[in-house]
Each structure stands twice: as C-alpha cells, then as structure tokens.
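# Tertiary structure, described
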Amino acid sequence: MIEHVHYRVPAERAAEFEEACQRLSTEPECVEYELTRGDDEYILRIVWKSAANPLPEPLNAEARHFRATGIAGRGAAIPTLYEWLGGTEALEKLFDAFYTRVRDDDVLEPVFRGMDPRHPKHVAAWLAEVFGGPARYSADHGGHRHMVGRHLGRAITEEQRQRWIALLLDTADQVGLPDDPEFRAAFVGYLEWGTRMARILSQPGMDAPREEPMPKWDWPLPPWQPE
Ligand code: HEM
C-alpha cells in the first residue's frame, strides 16, 4: 500500500516536522518513504508492507492511498549496466574469450566438455537482458525456465563455482570490460548471486524449473559521470 500525504507546514515548524518524518525509519511496517518539499508545503510518500498504518502526531493528516502498478524505472540520465559495459558486442567478446579459456582449465573443462558451440552467445544474451539490454533471451532462447533447466542435475561444486567466477573476472580484465568501482560492484554482485543460484539449482533432487520472470540487475550506486 502506498500512501501520499500533503502537509502545509509554517517555516518555524519545518525542522520539527522533518524530524518526525525521519522517525518513520523505525516503523516496522514501513518499507520506504520520501519527503518532498515545496515553499511551505510537503508531500510525504510512504510505502507500507501491507495496509497503511496510523501516523503519529504531527504527521497524522488526511492521506490518499494507492496501489503499485509495476510501472517504474530509471530514465535515460543513468545508463543501464548493459549500455555501460558496451552492449552485446562487449558481452560476446567476454564470453567467447571466457569459454576459450575454460577449455584449458583443469576444474572447468570437464563441466563444459561437449558444450553447445552457441553457448557463449546464449550466455551473452542472458546477461544482456539481465543488465537492462534487449529481451532476446526471453524471446528466442526460452527465458528463465530454460536457463535454470540447463543447470539441472549438473551437481556444480563450490570449487567449480569459484573457478567460474574467478576466471570470468580475470577475462573481464583481459577483454577490457569497464573497471570502475560502481560497475565492478554491480558485476561481481550479480556473478555471486547467479553462480550461487546455479550451484543450488544444479544439486540432485531439485524440481524442474517453473516459469519465472528474468532477474533484473541494477547499479548498487549510480556510476560516476563527469558533470
Ligand atoms: C552468473 C552465473 C551463470 C550464468 C549467468 C549462467 C548462464 C547460463 C545459461 C544462460 C545457460 C543456458 C545457455 C543456453 O540457453 O543454451 C547455461 C548453461 C550451462 N551452465 Fe551456466 N550460468 C552461470 C553459472 C554457471 C556455473 C557456475 C557453472 C558451472 C561451473 C555453469 C555451467 C553450465 C553448463 C554446463 C551449462 C550447459 C552448457 C551447454 O552444454 O550448452 N553455469 N548457463
């Protein structure tokens, strides 16, 4: 439940009012909130876990309630991770180089022996979509369910997972993927999550995958850009 509350606050009470708003940080049912300010008025937006909660003084005023539509996003002022890393061309270069190195890797070679030769391009298409690029993996390669299905029953070990990630990061340096702190934090974050999911889903006894939305990855911090 999303609540919007409009307040008129005289200048002499502004500090007290803003302090009261900050106490929403300790509300157990509050997911997030944002206070925006006009000349002598404010709008407070609160996202509640379920139903809206009563607000303490001096915040209790007439509120309007809304539901999320799922329509939300970033504008073009902040590039997607996909744009930042150089798009499909850069991702294909990364995975071509990576799977070439996999052939000479003692830990990973047995895992990928007999691999489909289109595999590097498919993984590039997967990552492109996860990082905010074109939805080609969903459209042409079976989407999330297919990807999960390709890991089923492979019993990936922790050693294999760690080698996969280490070799991919080394290849990222080799092919010149951006190495700024924000991009690498996002990239490593996704790889940690994705490889751990792949290992868990590949263990014996895991059920056939269900249809699920593609994961979407974003910046943990916006990238630094010159003014
Ligand atoms: C972020 C981590 C990972 C991503 C994004 C990823 C992505 C993918 C995708 C998209 C496919 C299906 C390709 C297709 O559509 O044909 C796939 C298949 C596969 N993955 Fe992963 N994977 C990850 C981690 C791992 C790890 C850690 C291993 C093992 C060490 C692994 C082993 C495999 C194997 C053996 C296949 C089947 C290859 C073939 O024969 O075509 N994956 N992966």
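What you see is a predicted model; the values in this text were computed from it and never measured.

With that settled, the discussion passes to the confidence of the model for the protein chain. Here the protein chain shows a mean pLDDT of 94. Residues at 70 or above account for 100%. Interface predicted TM-score (ipTM) for the complex: 0.97; the corresponding pTM is 0.87.

Once that is clear, we can look at unusual backbone geometry. The omega torsion across Glu57 and Pro58 is 0 degrees, close enough to zero to call that bond cis. Following the sequence through the fold, Pro58 ends up in the loop between strand S3 (41-48) and strand S4 (63-66). Positive phi is not limited to glycine here, since Ala155 has a value of about 45 degrees. By the element assignment, Ala155 lies in the loop between helix H7 (143-151) and helix H8 (158-174).

We now examine the pattern of salt bridges. Within the structure shown, the criterion is met by 18 salt bridges. Note that Asp218 is salt-bridged to Arg74, the shortest N-O span being 2.7 Å. One end of the pair, Asp218, is in the segment after helix H9 (181-201); the other, Arg74, is in the loop between S4 and helix H2 (81-85), and 144 residues separate them in sequence. Note that Arg113 is salt-bridged to Glu109, the shortest N-O span being 2.7 Å.

Take a nonpolar patch on the surface next. A contiguous nonpolar patch, built from Leu152, Trp193, Met197, Ile200 and Met206 and spanning about 400 Å² of accessible area, is present on the exposed surface. Considering the arrangement of structural elements, one finds Met206 in the segment after H9. Exposure remark for Met206: the relative accessible area of 37% places this residue in the partly exposed category.

What counts and what doesn't
- Residues numbered from 1 in each chain as written.
- Predicted model: local features only at pLDDT ≥ 70, side-chain atom pairs only at ≥ 80, totals over all residues.
- Heavy atoms only, no water.
- pLDDT = per-residue confidence, 0-100.
- Helix = DSSP H or I, 4+ residues; strand = E, 2+ residues; numbered from the N terminus.
- Salt bridge = Lys/Arg side-chain N within 4 Å of Asp/Glu carboxyl O.
- Patch = residues over 30% accessible without salt bridge, like charges linked within 9 Å, V, L, I, M, F, W, Y side chains within 5 Å.
- Areas by Shrake-Rupley, 256 points an atom, 1.4 Å probe, with all protein chains shown as cover.
- Buried < 20%, exposed > 50% of the residue type's maximum accessible area, 1.4 Å probe, protein only.

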